Amino acid sequence: MRTTGQLARVFGEPAVAQAAAARVLVVGAGGIGCELLKNLSMSGFRRIHAVDLDTIDLSNLNRQFLFRHRHIKRAKAEVAVQAIRDFNPGIDATARQANIKEAAYDVDWFGGFDLVFNALDNLEARRHVNAMCLAARVPLVESGTAGYLGQVTVISGGATECFECQPKAAERKTYPVCTIRSTPTAPIHCVVWAKDYLFAQLFGEQGDAADEDQGMGAEEKAENMEELLQLRTEARALARLADAVGGADFAQRVFAKVFSDDIARLLSMPDMWRQRRAPVQLDYAALRAGASAGFDPARADDQAVLAAADSLALFAHAAGRLAQRVVGQRRRGAAGALAFDKDDDDALAFVAATANLRSHAFGIAPQSVFAVKAMAGNIIPAIASTNAIVAGMMATQALLVLTRRLAECHTAYVVYGDGRPRTIIREPLAAPNPRCPVCRRRYLTLRVADCRRTTLGDVLGLVRALEGTATDLALGEDIAAVEGSRILYDPDFDDNLARPLADLGLVPGKMLTLASEDDDSTAVPVILSIAAQRPQGGAEQLPPPPPLAIEGFESLPEFGPLPDDAPDDAGSTAAAEAADAGSGANDLDDDGAIVLDADDDAVVALDDSDVDSVGHISDELHKRKLADATPPRDASSKRRALPGSEENDDDDVTMDD
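Treat the numbers as computed from the prediction; the structure is a model and nothing was measured.

1. Some remarks on the overall build of the protein chain
And step 1. Check the secondary structure of the protein chain and you find 18 helices and 19 strands.
And step 2. Put simply, the protein chain has 657 residues, and 56% of those count as buried.
And step 3. Considering only contacts within the protein chain whose residues lie at least 6 apart along the sequence, 73% involve residues at least 24 apart.
And step 4. Here the protein chain displays about 27,900 Å² of accessible surface, and carbon together with sulfur accounts for 49% of that area.

2. Notes on a negative patch on the surface
And step 1. Side chains of Glu477, Asp478, Asp492, Glu517, Asp518, Asp519 and Asp520 sit close together on the surface and give a patch of like negative charge.
And step 2. Along the chain, the position of Asp478 falls in the loop between α17 (456-465) and β11 (479-483).
And step 3. On the basis of relative accessibility, which here comes to 38%, the residue Asp478 falls in the partly exposed class.

3. Details of the confidence of the model for the protein chain
And step 1. Here the protein chain averages 79 in pLDDT, while 76% of its residues score no lower than 70.
And step 2. When pLDDT is averaged over each helix and strand of the protein chain, the minimum, 26, is found for strand β18 (residues 616-617) and the maximum, 98, for strand β1 (residues 23-27).
And step 3. Ignoring residues within four places in sequence, the model shows residues 567-657, a span with pLDDT below 50, making 293 contacts including any to other chains.

4. Side note on helix α2 (residues 13-21)
And step 1. Inspection of α2 places Ala15, Val16 and Ala19 among the buried residues, and these make up the whole buried set. For α2, the buried positions fall inside an angular range of 100° around the axis, keeping them on one side. Opposite the buried face of α2, at more than 90 degrees from it, the exposed residues are Glu13 and Pro14.

5. As for the nonpolar core
And step 1. In terms of nonpolar packing, the biggest core is built from 56 residues, with Phe199, Phe203, Phe255, Phe315 and Phe350 touching the most fellow members.
And step 2. Among the elements of the structure, α8 (187-203), α11 (250-267), α12 (284-289), α13 (308-331), α14 (345-362) and α15 (369-376) are those that each provide at least two residues to this core.

6. Comments concerning the packing of helix α3 (residues 31-41) against helix α4 (residues 76-87)
And step 1. Packing of α3 against α4 brings their axes to within 9 Å, and their N-to-C directions diverge by 30°. On the basis of the axis angle, α3 is roughly parallel to α4. Handedness of the α3/α4 crossing: right-handed. Two secondary-structure elements touch here, α3 through Leu37, Lys38 and Ser41 and α4 through Ala80, Ile84 and Phe87.
And step 2. Its residues assigned to classes, the contact of α3 with α4 shows four nonpolar, one polar and one charged.

7. Some thoughts on the side chain of Ser368
And step 1. Relative to the assigned elements, Ser368 resides in the loop between α14 and α15.
And step 2. The exposure class assigned to Ser368 is buried, which follows from its relative accessible area of 8%.
And step 3. Here Ser368 is in contact with Asp302, Gln303, Ala304 and Val305, once residues within four sequence places are set aside.

8. Description of the environment of Ala21
And step 1. In this fold, Ala21 is placed in helix α2.
And step 2. Measuring from C-alpha to C-alpha, the distance between Ala21 and Arg47 comes to 7.2 Å, with 26 residues separating the pair along the chain.
And step 3. Beyond its immediate sequence surroundings of up to four residues, Ala21 is in contact with Arg47 and Asp114.

9. Focus: the sheet that holds strand β12 (residues 486-489)
By way of backbone hydrogen bonds, the strands of a sheet pair with one another, either parallel or antiparallel.
And step 1. The strand order across the open sheet formed by six strands is β12-β11-β13-β14-β10-β15, and the pairing between neighbours is mixed. Looking at the sheet topology across the chains shown, the edges are occupied by β12 and β15 (548-551). Across this sheet, the average inter-strand angle for adjacent strands is 30°, counted without regard to direction.
And step 2. Note that β11 and β12 share three bridges and pair antiparallel. Within β12, the position partnered with Ala481 by the bridge is Tyr489.
And step 3. Relative to β15, α17 is tilted by about 50°, and along the sheet it contacts β10 (442-448), β11, β12, β13 (511-516), β14 (526-532) and β15.

10. Topic: the state of the cysteines
One way to say it: the disulfide is the covalent bond shared by the sulfur atoms of two cysteines.
And step 1. Applying the stated rule across the entire model yields zero disulfides.
And step 2. Between Cys165, a cysteine without a disulfide, and Cys439, which holds the nearest cysteine sulfur, the sulfur-to-sulfur distance is 3.4 Å.
And step 3. On the basis of relative accessible area, Cys165 is assigned to the buried category, the value being 2%.

11. Some words on the pairing of strand β2 (residues 47-51)
And step 1. For β2, the tally of buried residues reaches four of five residues, placing the bulk of the element in the interior.
And step 2. Taken together, the five bridges between β1 and β2 define a ladder with parallel strand orientation. Within β2, the residue paired with Leu25 across the bridge is His49.
And step 3. With α3 bridging β1 and its parallel neighbour β2, the resulting β-α-β unit is right-handed.
And step 4. Where β2 meets strand β3 (residues 92-96), five bridges bridge the pair, whose relative direction is parallel. Among the inter-strand pairings, Arg47 is bridged to a residue of β3, identified as Asp92.
And step 5. Handedness of the crossover is the feature at issue here: the chain leaves β2, passes through α4, returns alongside β3, and the resulting connection is right-handed.

12. Considerations on the packing of aromatic side chains
And step 1. Scanning all chains against the criterion turns up 16 aromatic pairs.
And step 2. Ring geometry for Phe255 and Tyr284: centres 5.2 Å apart, planes at 75°, overall edge-to-face. Placement of Phe255 in helix α11 and of Tyr284 in helix α12 is noted, with a sequence separation of 29 residues between them.
And step 3. In this structure Phe255 comes out as buried when scored by relative accessible area, which is 2%.
And step 4. Through successive ring pairs, a cluster of aromatic residues spans Trp193, Tyr197, Phe199, Phe203, Phe250, Phe255, Phe259, Tyr284, Phe315, Phe340 and Phe350.
And step 5. Between the NZ or CZ atom of Arg358 and the centre of the ring of Trp193, over which it lies, the distance is 4.3 Å.

13. A few points about α3
Since the α-helix advances by 3.6 residues per turn, residues separated by three or four positions end up pointing in the same direction.
And step 1. Across the 11 residues that make up α3, a large majority, 10, are buried.
And step 2. Turning to α3, its buried residues number three or more, namely Gly31, Ile32, Gly33, Cys34, Glu35, Leu36, Leu37, Asn39, Leu40 and Ser41.
And step 3. Contacts made by the buried residues of α3 are with β1, β2, α4, β4 (115-118), β5 (140-146) and α16 (384-402).

14. Quick word on the environment of Asp301
And step 1. Among the structural elements, Asp301 can be located in the loop between α12 and α13.
And step 2. Judged by its relative accessible area of 46%, Asp301 falls in the partly exposed class.
And step 3. In sequence terms Asp301 and Phe370 are 69 residues apart; their C-alpha atoms lie 9.0 Å from each other.
And step 4. Side-chain polar atoms of Asp301 contact the backbone nitrogen of Gln303, separated by 3.0 Å.

15. Concerning the sheet that holds β3
And step 1. As summarised here, the arrangement of the eight strands in space is β3-β2-β1-β4-β5-β6-β8-β9, forming an open sheet in which the pairing is mixed. Every interior strand has two partners, whereas the edge strands, β3 and β9 (424-428), have only one. Adjacent strand axes in the sheet meet at a mean angle of 15° when their direction is disregarded.
And step 2. Sheet topology note: the β5/strand β6 (residues 149-155) ladder contains seven bridges and is antiparallel. Residue pairing across strands places Gly144 opposite Gln151, the latter belonging to β6.
And step 3. Sheet strands in contact with α16 are β4, β5, β6, β8 (410-414) and β9, and its direction is about 15° off that of β6.

Conventions adopted
- Residues numbered from 1 in each chain as written.
- Predicted model: local features only at pLDDT ≥ 70, side-chain atom pairs only at ≥ 80, totals over all residues.
- Heavy atoms only, no water.
- Helix = DSSP H or I, 4+ residues; strand = E, 2+ residues; numbered from the N terminus.
- Buried < 20%, exposed > 50% of the residue type's maximum accessible area, 1.4 Å probe, protein only.
- Contact = heavy atoms within 4.5 Å.
- Areas by Shrake-Rupley, 256 points an atom, 1.4 Å probe, with all protein chains shown as cover.
- Patch = residues over 30% accessible without salt bridge, like charges linked within 9 Å, V, L, I, M, F, W, Y side chains within 5 Å.
- Salt bridge = Lys/Arg side-chain N within 4 Å of Asp/Glu carboxyl O.
- Lys, Arg positive; Asp, Glu negative; His and termini not counted.
- Charge placed at Lys NZ, Arg CZ, Asp CG, Glu CD.
- pLDDT = per-residue confidence, 0-100.
- Arc of directions from axis to C-beta.
- Core = buried A, V, L, I, M, F, W, Y, C linked by side-chain atoms within 4.5 Å.
- Axes fitted to C-alpha atoms, helices over the stretch in contact; angles between N-to-C directions.
- Parallel < 35°, antiparallel > 145°, perpendicular 65-115°, else oblique.
- Left-handed = near helix turned anticlockwise from the far one by under 90°.
- Nonpolar A, V, L, I, M, F, W, Y, C, P; charged D, E, K, R; others polar.
- Pairing = 2+ DSSP bridges.
- Disulfide = S-S within 2.5 Å.
- Right-handed = clockwise from strand over helix to strand, strands pointing away.
- Phe/Tyr/Trp six-rings, centres within 6.5 Å; stacked < 30°, edge-to-face > 60°.
- Lys NZ or Arg CZ within 6 Å of the ring centre and 35° of its normal.
- Polar contact = N/O pair within 3.5 Å; in protein donor to acceptor, adjacent residues only side chain to side chain.

So this is what it looks like as structure tokens:
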């Protein structure tokens, strides 16, 4: 096509040839993803795969131009891919409506692509894709937008910064758990309770829910000790309910626990309600009898504010579906734990329904499912023109990456504000942070024939057997094994050695981290990506592969010794030019999520799953993350301002979903 000829004159014929041959993955088919898929299909890319969990909503149509009104409720990825096929019938484009964090999308699956694009508004998913690309040794083009601000960078393991290289200190508003759990006064309190407490306790990993004393100082803890002890008792009772997930009366038992028994306990403390409106107990049978005629919880209108009886029907429906998913995971040998995702219809319905039932109990105005999604997902406005600019820069960066011209790639910012000399500012890609907790790791693949028979002890035995060989993991004598936030083994805890990997939730798609327990060790931790054995193909009779093996030693990056005081990157002139981009009523976290002021009635979470693991970038490191186009308004603050945010508070548009 004519476009490829123009690209050849700018980037060279090899770039066009590589684009046609490369197999690329686009994660996210929303605001950025739609523009990117269109760009790739019209720029000579012929083998494109798109993944997105979400479905099309009416509010998407003002900026996601591959979608039309007739597409509402259909899968974003499938509609977007069909649209680009119509633009260019000769391309090989495929789509999946799925969660990219599912076990099916393991290191082998990511390794089947030549290049990955992140077009996500979900921070947890962005972290996951970053880690998977490091493990699979596939370059990643990372992006993000927030209103008039945007950013694009290239991540290549061992050569550039990864998504989590820059240290940041979490700066977001939190609420004392006693407020969330006992005395809510605003819709956001109910949403946080439903998402970060109830959902996490019932369906998340053990320990997902927040500690009862989070957000309290020592004096406040002492004053509320009796209430904290009661809250811990409640949490243990809820944990017992979680163990019974899947039972026929599961939803009714949860309802009785949190909307009747717990409220009765609160009402038994009259002093708590002398200056507050006392809550009321909800009656399951009475609400169920009052459900609206013809209300179908499977097809609930996400723009409608539901009555309490209809919220109960939605609660029971969503709780049942989530319970089925947990039970199904356990039957397959997995841990049976779910993480909240605002694009997961069942999880969102559960959080919205439980938040609204709690609102009815405490005399708080209920919210629509759509409004709850905005609060639970840290959603802020999106601008179509910013998405288009960012997607265009992603496509040009891709052509450079595919022709191994990494030195010509850059981190680019879209900035906005009066008196700015230019809208796009760029700087060279930075080297990896030597203290990064994610990319300063050795990523290897653990091939397992049968996770139901192979034990954790077998894996650690294999690691021991490699000592003194060319593939020694060099972790020392004392090793700890960790998956996610769970410590599975250390020298003082060996209860899991005889347990099968599947019993521990270590199945293909999961990652096991091995690290030295020696305080003085400089050993680089090892992350083992668990994968099934490769199928034996061809007519030639080959010996069967070993039941357990570690692969990937031949392409490990070299890590130098960690400096005693690794200097922070002071930032470049380009980053400095991005300073003082404007002012606004709200502040930005680096994933585009608003960091709330005290009076803001918007989303706050109590756990760390929605926030980058290392928080804000310091003043000296103000670069290479989304919000870093807008450093502090003054030298005493590290908070970023959203330019013009006082005019961009329309909840009908989201960051880039």
